[in-house]
Amino acid sequence: MNNFKQRVTYYYDEEFGTFNYSTTHPMKPLRVAITDDLVGHYGLKQYMNCIDQSFVQTYIKRVDEDVLTQFHSYEYIDLIKIITPENKCQHEDQLYRFNFMEDCPVLDRLFDFCLCQTSGSVGAACVIADQKSNIAINWSGGLHHAKQSEASGFCYVNDCVLGILELLKTYQRVLYVDIDIHHGDGVEEAFYLTDRVMTCSFHKFKEYFPGTGHIDDIGHDKGKYYAVNFPLNEGLNDDSIQFIFKPVIDKIMENFRPDVVMLQGGTDSLSGDRLGCFNLSIKGHGTCIEYLKKFNVPIIMVGGGGYTLRNVPRCWTYETSLALNVPIQDNIPDESDYKIYFGPEYKLHLPISNMEEQNSKDYLEKNIVQILENLKQINP
Ligand code: V1P
Ligand code: CA
Ligand code: ZN
């Protein structure tokens, strides 16, 4: 149904679920395949334009190495093109130089993986810029740590940066919001010196990967005040995210006035994540999307982290339904191919844990005040 009649465009390419970091690695591309299956069995695809990599390549834009090198260096992409698990021993220096270590192993078909992930975000940018849709979704994307010439934190190429670069061909101002538990360092760094992209990351800070995202990191030169960082402690719950998200986003919308928003919706900020330590429910996570939607600005929703395999599809399916304004039942559909992952409850929404909220109201308020003070420096 590629006629773009509907408001929401949804990208998924079947190949994505077949990539594998390793059996012991926490990043599982399969979670996006399970999400796609659940989105289908909830009947949501009938309400969306569904596109895949070949559609993006043929009808919108050829996403090839020329797109990747809009941000990444030629030497880095050249290595990604040729490296395989079989020949990697012959390239040890290069692997070390570009950080292909434990977090970022050499995947089989790595270049295809990068193209597949990026096609969704660049394709999303194109359909938004062409005003074919006002929400575009790529749960295979959101790999926010990749740098110009460096793999980092499970990310090889930065589809967020590449999608934003595509948006900048049409729009004057782009807002990037990142609710993954990790700092969106690669995206922040790429746009640290410009006033055309504002990056805003909420993240666990202190003794946590990647270690950046201090509240005083606010951008530089023309980009001063255009980077926003909200450092957080363990246990962030639904009340707290709403308490901080609304005033910060309100002020950004008022003063920066973005033409378009990209939301990185990493689900490692959910309660019970294998790597995360926040305590958000799926509904709490979803309030960020609901809130951004109120501003009637086009939105690109990309994925990101999320390491408890059964929770990622629950959250991203629910958020697809929010994008569509189509309510879905709490019972996981019987026909779901991956139903065993959702037992024993077989429900979409699960209770959160009883972990302590270590972000006091005072701490959150102090950070809000400081961030709003910085945002005042931007002239509306
Ligand atoms: O902590 C580190 C590095 C590796 N050490 C030398 C320090 N890496 C983290 C990376 C987390 C990446 C998150 C990506 C995202 O933001 C976006 C997709 O969600 C890490 C962790 C951890 N607990 O933080 N790597 C691993 N765990 C890991 C575990 C098993 C096998 C491979 C990596
Ligand atoms: Ca974040
Ligand atoms: Zn993360």
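Everything below is about the structure printed above this text.
Now for a look at the structure at hand. (Residues numbered from 1 in each chain as written. Chains lettered and ligands numbered in written order. Predicted model: local features only at pLDDT ≥ 70, side-chain atom pairs only at ≥ 80, totals over all residues. Heavy atoms only, no water.)

### Considerations on the pattern of salt bridges
In the structure shown here, the tally under the stated rule is twelve salt bridges. As a salt-bridge pair, Glu166 and Lys61 come within 3.2 Å of each other at their nearest N and O atoms. Within this pair, whereas Glu166 is found in helix α7 (residues 159–167), its partner Lys61 is found in the loop between α2 (53–60) and α3 (65–68), the two being separated by 105 residues in sequence. For Lys251, the salt bridge identified is with Glu254, shortest N-O distance 3.6 Å. Taken together, the positions of Lys251 and Glu254, both in helix α9 (residues 238–255) and three residues apart, correspond to about one turn of that helix. (Salt bridge = Lys/Arg side-chain N within 4 Å of Asp/Glu carboxyl O. Helix = DSSP H or I, 4+ residues; strand = E, 2+ residues; numbered from the N terminus.)

### A closer look at the coordination of the zinc ion (ligand 3)
Distances from the zinc ion (ligand 3) to its protein donors, Asp180 (OD), His182 (ND1) and Asp268 (OD), fall at 1.9 to 2.0 Å. Ordering the donors of the zinc ion (ligand 3) by residue number gives the pattern D-x1-H-x85-D. Of this pair, His182 sits in the loop between β4 (174–178) and α8 (185–190) while Asp268 sits in the loop between β7 (260–264) and α10 (282–293), placing them 86 residues apart in sequence. The exposure class assigned to Asp268 is buried, which follows from its relative accessible area of 0%. (Donors = N, O, S within 2.8 Å, 3.2 Å for Na, K, Ca; no water. Buried < 20%, exposed > 50% of the residue type's maximum accessible area, 1.4 Å probe, protein only.)

### Topic: the coordination of the calcium ion (ligand 2)
Protein ligation of the calcium ion (ligand 2) involves Asp178 (O), Asp178 (OD), Asp180 (O), His182 (O), Ser201 (OG) and Phe202 (O), the donor distances falling in the range 2.5 to 3.0 Å. Ordering the donors of the calcium ion (ligand 2) by residue number gives the pattern D-x1-D-x1-H-x18-S-F. Grouping residues by exposure puts Ser201 and Phe202 together as buried.

### Things to note about helix α4 (residues 74–82)
Along α4, the positions that sit buried rather than exposed are Tyr76, Ile77, Leu79 and Ile80. Buried residues of α4 fall within an arc of 155° about the axis and therefore sit on the same side. Tucked into the core, α4 has its buried residues touching α3, α5 (92–97) and α6 (110–129). (Arc of directions from axis to C-beta. Contact = heavy atoms within 4.5 Å.)

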